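Commentary on secondary and tertiary structure
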Amino acid sequence: MWEDEQRQLKFDVKQSFVDLGCGNGLLVYILCSEGYRGLGLDIRKRKIWDTYPPLPQMKLEEKNITPSDESLFPEYNWLIGNHSDELTPWIPVIAAKSSFTTRFLVLPCCPHDFDKKFNKKVSGESQYRTYLNFVKKVGQTCGFVMEEDALRIPSTKRICFIGKSRTYEKSEEEAIYTDIHDLIASQCDGMDMAVNNDSSWSKKFQVRGEEKVRNCTQVDLVVRENIITTVFTAIMKADQEQSIETETGQIWHTGGTVPLTDVSQMFARDTLTELKSQHGGIQTLLRNQFQIFEVRGGVVKLRNWSQENPCSRYKKPRKDSRDFIKTKLCWFHDHHPDGCPLTLEKCQFAHGIQDMKKT
């Protein structure tokens, strides 16, 4: 589409764009790698941003976007809203008010009105179709010819709208702005952009809150290490302790099994509450320690890496799994009284710093 536009408009340079709600920034990186100048904005910085090779034409910024006169992008050709949530209905408005030549592409997903969740549904239509029609109406009110297309992506929410041409002349902008104001006022409980005392277009607009931590991924290091050590000790002292003989003839004690109900009773209520606050619990944290523990059937035990493939029944091996061999220290080598049941050559984890894979 952009290549066709370059030919039609005889651009000397490739288009520029802003991705509003860019998430992991991958789309920004891909387009910038193709020579387009891009800015990605999101409420939260992702760790992956720092892993992208630096490109002079690419910028990724952690920034809240509140629809207002300060959130215009006249220096960019295109605005992109790829599953942009609460910003979705505002993108045609921002494009219309940025400049007469600003275009946009929006891929609606979660239904949002201008200042609240979108809850309307027309009889005989799915709510998704009703929401698509609402976004289309917004774009038309903003003076765009709304082109609808279905992207070839693995998602049920793959309908996008493209606004690249206008239905009015530049001399008619003020009349279009009035139509935009009236539409937003009718959707925002009578809040009219024109009468706000500040530059905000809707005082009730709410920026999506900071994403909640899930799956106990940010538990305090001291708390996590205490839980691991406590559970490991309980397993080693459990009844019906077992042991195996390694290929080198060494006896390796596997310990026994401990019911998860017993594990929960080992820790103070404050600790369990902290785990729950991260959308998980003691079982989730133990499952995260995949190298050390096996959690199944309501009990926890040590993972036996001397088996041919102790993970085969739980996970399919990753195609790039060899890239991760020797990138983490072997917990058993450092903490188990018998060391690791595998030799240095066969263990996929590093037996000491000197064994770490050089990157």
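For clarity, every value in this text was computed on a predicted model and none was experimentally measured.

Examining unusual backbone geometry
- Positive phi is not limited to glycine here, since Q240 has a value of about 60°.
- Relative to the helices and strands, Q240 is located in the loop between α6 (221-236) and β8 (242-245).
- The phi angle at K326 is positive, at roughly 65°, despite the residue not being glycine.
- Mapping K326 onto the fold places it in the loop between β12 (299-302) and α10 (331-335).

Concerning the pairing of strand β9 (residues 251-255)
- Sheet topology places β8 next to β9; four bridges connect them, and they run antiparallel. Pairing of I244 across the sheet is with W252, part of β9.
- The turn linking β8 back onto β9 is made up of five residues, and G249 within it adopts a positive phi angle of 90°.

Points about the packing of helix α4 (residues 127-141) against helix α5 (residues 173-187)
- Where α4 meets α5, the axes come as close as 9 Å, and the angle between the chain directions of the two elements is 150°. In terms of orientation, α4 lies roughly antiparallel with respect to α5. Judged by residue contacts, F134, K137, V138 and T141 of α4 engage I176, D179, I180, L183 and Q187 from α5.
- Split into classes, the residues belonging to the contact of α4 with α5 amount to five nonpolar, two polar and two charged.

Side note on α6
- Under the 1.5 Å per step criterion, the end-to-end length of α6 is 22 Å for 16 residues, consistent within 8% with the ideal 22 Å.
- Buried within α6 are the following residues: V223, I227, I228, V231, F232, A234, I235 and M236.
- The distance from a side-chain oxygen at the start of α6 to the backbone nitrogen of V222 is 3.0 Å, and the residue carrying that oxygen is D220.

A word on the pattern of salt bridges
- Under the defined criterion, the tally for this structure stands at eleven salt bridges.
- Across the pair K45 and D50 runs a salt bridge whose closest N-O atoms are separated by 3.2 Å.
- Residue K116 is joined to D115 by a salt bridge in which the shortest nitrogen-to-oxygen separation is 3.2 Å.
- In this structure K116 comes out as partly exposed when scored by relative accessible area, which is 36%.

What to know about the nonpolar core
- Ranked by internal contacts, the top residues of the largest apolar core, which has 39 residues, are L20, F73, V93 and F114.
- When residues of this core are traced back to their parent elements, those giving at least two are β1 (16-20), β2 (37-42), α3 (91-98), β5 (103-107), α4, β6 (144-150), β7 (159-166) and α5.
- When sequence neighbours within four positions are dropped, the list of residues in contact with F73 reads V18, L20, L41, I65, L79, I94, S98 and T102.
- Core analysis: the next-biggest nonpolar cluster, separate from the first, contains 32 residues, A234, I282, W305 and C330 among them.

Section: the side chain of H336
- Mapped onto the elements, H336 comes out in the segment after α10.
- Of the polar contacts made by the side chain of H336, one reaches the backbone nitrogen of D338; its length is 2.9 Å.

Some details on the packing of aromatic side chains
- Throughout the structure, instances matching the rule amount to 18 aromatic pairs.
- Judged by centre distance (5.3 Å) and plane angle (90°), the rings of W252 and F332 are edge-to-face. In this pair, W252 sits in strand β9 while F332 sits in helix α10, placing the two residues 80 residues apart along the sequence.
- Site record: aromatic cluster; members linked through ring pairs are W90, F114, F118, Y131, F134, W201 and F205.
- The ring of Y36 has K14 sitting right over it, with the charged end atom 5.0 Å from the ring centre.
- Looking at K157, its charged tip hangs above the ring of Y128, at a distance of 5.3 Å from the centre.

Notes on the pairing of β5
- Burial analysis of β5 places five of its five residues in the buried class, which makes it a mostly covered element.
- Residues R103, L105 and L107 line one face of β5 and the alternating positions F104 and V106 line the opposite face, and both faces are buried.
- Summarising the sheet, strand β4 (residues 78-82) and β5 pair through five bridges and their orientation is parallel. Counterpart to N82 in the pairing with β5 is L107.
- Once the chain exits β4 it traverses α3 before rejoining the sheet at β5, and the crossover so formed is right-handed.
- Pairing between β5 and β7: three bridges, direction antiparallel. Across the sheet, V106 pairs through a bridge with F161, a residue of β7.

Conventions and cut-offs
Residues numbered from 1 in each chain as written. Predicted model: local features only at pLDDT ≥ 70, side-chain atom pairs only at ≥ 80, totals over all residues. Heavy atoms only, no water. Helix = DSSP H or I, 4+ residues; strand = E, 2+ residues; numbered from the N terminus. Pairing = 2+ DSSP bridges. Axes fitted to C-alpha atoms, helices over the stretch in contact; angles between N-to-C directions. Parallel < 35°, antiparallel > 145°, perpendicular 65-115°, else oblique. Contact = heavy atoms within 4.5 Å. Nonpolar A, V, L, I, M, F, W, Y, C, P; charged D, E, K, R; others polar. Expected span 1.5 Å × (residues − 1). Buried < 20%, exposed > 50% of the residue type's maximum accessible area, 1.4 Å probe, protein only. Polar contact = N/O pair within 3.5 Å; in protein donor to acceptor, adjacent residues only side chain to side chain. Salt bridge = Lys/Arg side-chain N within 4 Å of Asp/Glu carboxyl O. Core = buried A, V, L, I, M, F, W, Y, C linked by side-chain atoms within 4.5 Å. Phe/Tyr/Trp six-rings, centres within 6.5 Å; stacked < 30°, edge-to-face > 60°. Lys NZ or Arg CZ within 6 Å of the ring centre and 35° of its normal. Right-handed = clockwise from strand over helix to strand, strands pointing away.

Remember, this is a structural readout, not a statement about activity or role.
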